[in-house]
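Listed below, chain by chain, are the residues.
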Amino acid sequence: MIAGWLKAGIFEAGKGFAPTGEGTPQGGVISPLLLNIALHGLEEAAGVRYRTGARAGEVRDGCPALTRYADDLVVCCHSRQQAERVQARLATWLEPRGLAFNEAKTRVVPLSEGFDFLGFNLRRYPSGKLLIKPGATAVKRFRKRLALEFRALRGANVTAVLAKVVPIVRGWVAYYRTVVSSRVFSALTGYLWRLTYKWACWSHQNKPKRWIIDRYYRKFNKFRNDRWVFGDRDTGAYLPKPAWTGIVRHTLVKGGASPDDPDLAGYWAQRRRKVNPPLDDYTVRLLSRQDGRCSLCGENLLTSDQPPQTPVGWERWFLWVTRKAITAGYLVHRDTPSAARGHQTHLVHATCHRGKPPPRLAGTTMLQQNA
């Protein structure tokens, strides 16, 4: 079946069908699955052994620990000699499968020196603590992308700027919110402020600085005492600051647990319920109060799939949420002293809100706000 996939050919927009003698196109959606199949058994080949019983899932003493994501992998060993032996064993294991290590990207380094993996930097510091931070290369690449985006948006209005930049920023921050990122987020907040201010000055070159500040910066978020927030005064939309994002530590997955195992569906569902989505605290509280369901149709407000695994995946997730999934509608309630103010706000699907608008009743108020 796999051999049939490799030779099935591909369809490209505007080009039609193209035969493939072997392999898959670069970045193809099937590539990670094929690699997971081809590299199944890599842990055993590296000598990784797990405990059983009460400590099931823990690596046995003296064994290496292997972490793999598609074709990227890291093996943590107890000595340089063990690392070299593991590398030789894996090279022998890969050879019959037509695979080999990329020598330019393969290194044996002490943990005190640190290394980058999937955009993260892992390093054990002199204090003995192992810290995982956003990699310097990833941060530099993200800053460069932001600068290019703001340059390309010169001449556009603030609505277009927010529509383009907000998902990019929130997606990148959501990806790195599980590691030691507070300082990086703070530095990125200042960098974003300079980019927005530079864009505003370029857009209104004949206006004084005070006019520019009054037009684009104010206290847009009513839950934060910060008047230096960039946004659109007409719609109330704004650019959330990365420094507002709280750090949420990643919970390790039990050894051997796979999201594709139907017997573990309950485990993964419970795990997803325990992890709050990377939305603002106010929206998360509303989701919890409503048990994650729409007040109008009763269906789930957010998808129950696995969370994205890349910054681009989180960027697309935020685009889906902000444009299609959720609208925070201040639904109609009678304005009575007995009605709790916090019970007036509900999250609903944007489609439900458009299809079933609540009626305006006498003595009541109705507002809308996009999440």
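Residues numbered from 1 in each chain as written. Predicted model: local features only at pLDDT ≥ 70, side-chain atom pairs only at ≥ 80, totals over all residues. Heavy atoms only, no water.

Caption draft 1: The arrangement of helix 4 (residues 80–94) in detail. A rise of 1.5 Å per residue sets the reference length of helix 4, with its 15 residues, at 21 Å; its end C-alpha atoms lie 21 Å apart and thus fit the reference within 8%. Where helix 4 is concerned, the buried positions are Gln82, Ala83, Val86, Leu90, Trp93 and Leu94. For helix 4, the angular spread of the buried residues around the axis is 100°, confining them to a single face. Its buried side turned inward, helix 4 meets helix 2 (31–38), helix 3 (42–46), strand 3 (65–69) and strand 4 (72–76). (Helix = DSSP H or I, 4+ residues; strand = E, 2+ residues; numbered from the N terminus. Expected span 1.5 Å × (residues − 1). Buried < 20%, exposed > 50% of the residue type's maximum accessible area, 1.4 Å probe, protein only. Arc of directions from axis to C-beta. Contact = heavy atoms within 4.5 Å.)

Caption draft 2: Spotlight on the environment of Arg215. Structurally, the position occupied by Arg215 is in helix 8 (residues 209–216). A relative accessible area of 24% means that Arg215 is categorised as partly exposed. Expressed as a C-alpha distance, the spacing of Arg215 and Arg233, which sit 18 residues apart in the sequence, is 7.0 Å. Apart from residues lying up to four places away in sequence, Arg215 is in contact with His204, Gly231 and Arg233.

Caption draft 3: Quick look at the nonpolar core. Counting residues in each nonpolar core, the largest one holds 53 residues, and the members touching the most others are Leu146, Trp172, Trp199 and Phe230. When residues no more than four places from it in sequence are discounted, the contact partners of Phe230 are Val158, Val161, Leu162, Thr196, Trp199, Tyr216, Tyr217, Phe220, Tyr238 and Leu239. By size, the runner-up hydrophobic cluster in this structure holds 10 residues, among which are Leu42, Val86, Leu90 and Leu94. (Core = buried A, V, L, I, M, F, W, Y, C linked by side-chain atoms within 4.5 Å.)

Caption draft 4: Broad picture of the sheet that holds strand 7 (residues 130–134). Strand order in this open sheet of three strands is 5-6-7, and the pairing throughout is antiparallel. Of all strands in the sheet, those with a lone pairing partner are strand 5 (115–117) and strand 7, marking the two edges. Averaged over all adjacent pairs, the angle separating strand axes in this sheet is 30°, with direction ignored. Across three bridges, strand 5 lies against strand 6 (residues 120–124) in antiparallel orientation. Of the residues in strand 6, the one forming a bridge with Asp116 is Asn121. (Pairing = 2+ DSSP bridges. Axes fitted to C-alpha atoms, helices over the stretch in contact; angles between N-to-C directions.)

Caption draft 5: Main features of the packing of aromatic side chains. The tally for this structure, following the rule as stated, stands at 15 aromatic pairs. Judged by centre distance (5.0 Å) and plane angle (10°), the rings of Trp193 and Tyr197 are stacked. Remark: Tyr197 and Trp193 occur in helix 7 (residues 182–203); sequence separation between them is four residues, near one turn of the helix. The ring of Trp93 has Arg97 sitting right over it, with the charged end atom 3.7 Å from the ring centre. Above the face of the Trp211 ring, Lys207 is positioned so that its terminal group lies 4.9 Å from the ring centre. (Phe/Tyr/Trp six-rings, centres within 6.5 Å; stacked < 30°, edge-to-face > 60°. Lys NZ or Arg CZ within 6 Å of the ring centre and 35° of its normal.)

Caption draft 6: The arrangement of the pattern of salt bridges in detail. Throughout the structure, instances matching the rule amount to six salt bridges. When the shortest N-O distance is used, the salt bridge between Arg107 and Glu113 registers 3.9 Å. Given the relative accessible area of 48%, Glu113 is considered partly exposed. A salt bridge links Arg145 to Glu149; the shortest N-O distance between them is 3.8 Å. Taken as a pair, Arg145 and Glu149 lie in helix 5 (residues 136–152) at a separation of four residues, close to a single helical turn. (Salt bridge = Lys/Arg side-chain N within 4 Å of Asp/Glu carboxyl O.)

Caption draft 7: Representation of the confidence of the model for the protein in the model. Per-chain confidence: the protein averages 80 in pLDDT, with 82% of residues scoring 70 or above. When the criterion is pLDDT under 50, residues 329–342 qualifies, and its contacts beyond four places in sequence or with other chains add up to 35 contacts. Contacts from residues 358–371, a stretch scored under 50 in pLDDT, to residues over four places away or in other chains number 31 contacts. (pLDDT = per-residue confidence, 0-100.)

Caption draft 8: Spotlight on the pairing of strand 7. Taken together, the five bridges between strand 6 and strand 7 define a ladder with antiparallel strand orientation. Across the sheet, Leu122 pairs through a bridge with Ile132, a residue of strand 7. From the end of strand 6 to the start of strand 7, which pair antiparallel, there are five residues, and Gly128 there has a positive phi angle of about 100°.

Caption draft 9: Geometry of unusual backbone geometry. At Ala70, a residue that is not glycine, the phi angle is positive and equals roughly 60°. Structurally, Ala70 can be placed in the loop between strand 3 and strand 4. A positive phi is found at Leu118, a non-glycine position, where the angle reads about 55°. Position of Leu118 relative to the elements: it lies in the loop between strand 5 and strand 6.

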